Amino acid sequence: MAGAAVGAGTRRRRFAVLIAVLLFAASTTAAQRRGLGGVDVRRPLAWASPESMDTGAFQFCRLVFRQAANGDGHGWSVDFPRADENLSIRLSELTRAPVSMDESGRPNHVLIRLTQPELFRCPFVMMTEPGGAYFDDQEAAALRDYVLKGGFFWADDFWGEYAWQVWESQLRKALPSGPYPIADLSLDHPLFH
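Nothing here was measured: the structure is a model prediction, and the numbers come from that model.

Undergrad: Any chance you could break down the overall build of the protein chain for me, citing the residues and the numbers?
TA: Counting its regular elements, the protein chain contains four helices and six strands. Reading the protein chain from its N end, one meets helices and strands in the order α-β-β-α-β-β-β-α-β-α. If you take every contact in the protein chain between residues at least 6 apart in sequence, the share linking residues at least 24 apart comes to 70%. Carbon and sulfur atoms provide 60% of the accessible area of the protein chain, an area that totals close to 12,100 Å².

Below is the structure:
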């Protein structure tokens, strides 16, 4: 009976080691495919260029930014490209707004930096994990110009007060608090309807 118990224990350990090796191999393969920051390296990154911009339809533009030394967040690539594609698909399904799609039916979306001239061809710019962002003077000036010319800028995904403080310090480089106060909107605000 003792020999059977030892044999069963050995089999369980071998099975556990086999499972651990398989999980390690799967995670390593996934990491190689996803690259750093969760970006899928199998697909080329679509950087905004004069040729990539679609002026006749909605195109998701994701802001790529540098990480602040004191920042809080995982960087510009959080949820990339899934969020970009998902928002575009849902917009096309739930509205009559034309959405830029490639020949295979996937949404066209681009990556953009604040200093690129194509910024002003993006009526919508999304920024994730802004609590980690750093803007220099040139980037802050470009963001200010973009917003004042009517661009829609969405910054989302804060994790706590510290992330908000870091983000607000960077936002205030572009939009000083005196002329541009931050205000909470109530749920009955027209923006939500």
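Moving on from the coordinates now.
Undergrad: How would you sum up the layout of surface pockets? Please name residues and give values.
TA: Approximately 760 Å³ is the volume attributed to the largest pocket. In this structure, the largest pocket is lined by 19 residues; those nearest its centre are Phe153, Trp164, Leu171, Ile182 and Ala183. For the lining of the largest pocket, the elements supplying multiple residues, two or more each, are strand 6 (152-156) and helix 4 (161-174). No other element matches the five residues that strand 6 contributes to the lining of the largest pocket.

Undergrad: Account for the nonpolar core, with residues named and values stated.
TA: If you look at the biggest cluster of nonpolar residues, it comprises 26 residues, and the most contacted ones within it are Cys61, Leu114, Leu119, Cys122, Val125, Met127 and Phe135. Apart from residues no more than four positions distant in its own chain, Phe135 is found in contact with Leu63, Phe65, Leu114, Met127, Ala140, Leu143, Trp167, Gln170 and Lys173. By size, the runner-up hydrophobic cluster in this structure holds five residues, among which are Phe58, Phe60, Phe124 and Met126.

Undergrad: Describe the environment of Ala57, with residues and values.
TA: Relative to the elements of secondary structure, Ala57 occurs in the loop between helix 1 (2-34) and strand 1 (60-63). The class of Ala57 is buried, set by a relative accessible area of 17%. Here the alpha-carbon distance between Ala57 and Ala97, two residues 40 residues apart in the chain, equals 7.4 Å. Apart from residues no more than four positions distant in its own chain, Ala57 is found in contact with Pro98, Val99 and Ser100.

Undergrad: Got a sec to walk through the confidence of the model for the protein chain? Specific residues and values, please.
TA: Per-residue confidence for the protein chain averages 84 on the pLDDT scale, and 78% of its residues sit at or above 70. The weakest mean pLDDT in the protein chain belongs to helix 1 at 51; the strongest belongs to helix 3 (residues 137-148) at 98. Here residues 20-37 scores under 50 on pLDDT; set against residues more than four positions off or in separate chains, the count is 13 contacts.

Undergrad: Describe the packing of aromatic side chains, and please don't skip the residues or the numbers.
TA: By the definition in use, this model includes ten aromatic pairs. Taking the centre distance of 5.5 Å and the plane angle of 65° together, the rings of Trp76 and Phe80 count as edge-to-face. Its relative accessible area of 5% is what places Phe80 among the buried residues. By way of ring pairs, the aromatic residues Phe58, Phe60, Phe124, Phe152 and Trp154 are connected into one cluster. Here the basic side chain of Lys149 rests over the ring of Phe120, its NZ or CZ set 4.9 Å away from the ring centre.

How each quantity is defined
- Residues numbered from 1 in each chain as written.
- Predicted model: local features only at pLDDT ≥ 70, side-chain atom pairs only at ≥ 80, totals over all residues.
- Heavy atoms only, no water.
- Helix = DSSP H or I, 4+ residues; strand = E, 2+ residues; numbered from the N terminus.
- Contact = heavy atoms within 4.5 Å.
- Areas by Shrake-Rupley, 256 points an atom, 1.4 Å probe, with all protein chains shown as cover.
- 1 Å grid on protein atoms, 1.4 Å probe; cavity = no way out; pocket = protein on both sides within 12 Å on 5 of 7 lines; lining within 4 Å.
- Points joined across faces, edges and corners; volume = space filled by probe spheres on them.
- Core = buried A, V, L, I, M, F, W, Y, C linked by side-chain atoms within 4.5 Å.
- Buried < 20%, exposed > 50% of the residue type's maximum accessible area, 1.4 Å probe, protein only.
- pLDDT = per-residue confidence, 0-100.
- Phe/Tyr/Trp six-rings, centres within 6.5 Å; stacked < 30°, edge-to-face > 60°.
- Lys NZ or Arg CZ within 6 Å of the ring centre and 35° of its normal.

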